[in-house]
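Now for the letters of each chain:
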Amino acid sequence: MRHISVSSSLALHISFTTPKPIAMASLQHSPSVHRTSFLNSLPQLGMQKHGGVCRRGISFLVKAEHTSMASSFNCQDNCRRRQMIAVGVIAPWVSSLVNQTPASFAAESKKGFLSVTDKKDGYSFLYPFGWQEVVIEGQDKVFKDVIEPLESASVNMVPTNKQDIRDFGSPQEVAEILIKKVLAPPTQKTKIVTASENDVDGKAYYTFEFTAQAPNYIRHALGAVTVGNGKFYTLTTGANERRWEKMKERLQTVIESFKIFNV
């Protein structure tokens, strides 16, 4: 195991404590998010047919029948023409959609998730459908469930002159410093469950799992960190321990989707 040097540890500590750390519990007190619902109502159209009987109206009925048949044929012809016009207009549009393959389409292809891409800061990730974006001081992006306040995902960045996450030490060492100094208040009891290194397109990422125990709840969380564009990126997501088994696969998807790109 690689030991983090005193200078590296100090640099990491200074880098992360320069901005005032925002405790995970602060997400509970974020501004309320107003949900907007849309109600669409479509009028129902109906047609009534009228008919009559007349002893001396046989020729009239025959003529009316011919007129009705002619009208029906004309209607069918017009309908066919409208369908052909519609196909001519819609088909190229559908084809253009099928042939388009922007990066955002790939990110949104996973069912139950939405994507966010920050082209300015150079990162992207998925978050569960239904979460709302909120503003938290000290965080670049925060998405959370408005009913379960501990279910959230947040991204933070600090400048660094390092070129690789491995320059800060091992996954275990980096996770320990982050959790104790940044990701949990000092009053909470924390525990690292796992920490590992992953390579994605030649870029090293550290991922870790931990718990943070407060007096009235335990938050079970996941984190991912990497270095690029002169920044140290941190993505954290988690849930209340009582909902961990239900949420862990979705939260793992959030972590695995986290990617940075050159800007």
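Nothing here was measured: the structure is a model prediction, and the numbers come from that model.

A. Spatial organisation of the nonpolar core. Counting residues in each nonpolar core, the largest one holds 24 residues, and the members touching the most others are Tyr123, Phe125, Trp131, Leu235, Leu251 and Phe258. For this core, the element with the highest residue contribution is helix α5 (residues 244-257), accounting for five residues. Residues in contact with tryptophan 131, not counting those within four places in the same chain, are Phe143, Lys144, Asp145, Glu151, Ser152, Ala153, Thr237, Met247 and Leu251. By size, the runner-up hydrophobic cluster in this structure holds 17 residues, among which are Val158, Leu178, Phe208 and Ala221.

B. Local environment of the side chain of serine 154. Residue placement: serine 154 occurs in strand β5 (residues 152-159). Sequence-distant contacts of serine 154, defined by excluding residues within four places in its chain, comprise Gln139, Lys141, Val142, Thr234, Leu235 and Thr236.

C. Representation of unusual backbone geometry within the structure. With a phi angle near 55 degrees, aspartate 201 is a residue other than glycine that sits in the positive phi range. Within the secondary structure, aspartate 201 sits in the loop between β6 (189-200) and β7 (203-213). Taking relative accessible area as the criterion, aspartate 201 reaches 79% and is therefore assigned exposed. Here asparagine 229, not a glycine, exhibits a phi torsion of approximately 55 degrees, which is positive. Position of asparagine 229 relative to the elements: it lies in the loop between β8 (218-228) and β9 (231-240). On the basis of relative accessibility, which here comes to 27%, the residue asparagine 229 falls in the partly exposed class.

D. Here's a closer look at the environment of alanine 221. Relative to the assigned elements, alanine 221 resides in strand β8. With relative accessibility at 0%, the residue alanine 221 sits in the buried group. With 70 residues separating them along the chain, alanine 221 and glutamate 151 place their C-alpha atoms 9.2 Å apart. Non-local contacts of alanine 221, meaning those with residues more than four positions away in its chain, are made with Phe208, Glu209, Phe210, Thr237 and Gly238.

Cut-offs applied
Residues numbered from 1 in each chain as written. Predicted model: local features only at pLDDT ≥ 70, side-chain atom pairs only at ≥ 80, totals over all residues. Heavy atoms only, no water. Core = buried A, V, L, I, M, F, W, Y, C linked by side-chain atoms within 4.5 Å. Buried < 20%, exposed > 50% of the residue type's maximum accessible area, 1.4 Å probe, protein only. Helix = DSSP H or I, 4+ residues; strand = E, 2+ residues; numbered from the N terminus. Contact = heavy atoms within 4.5 Å.

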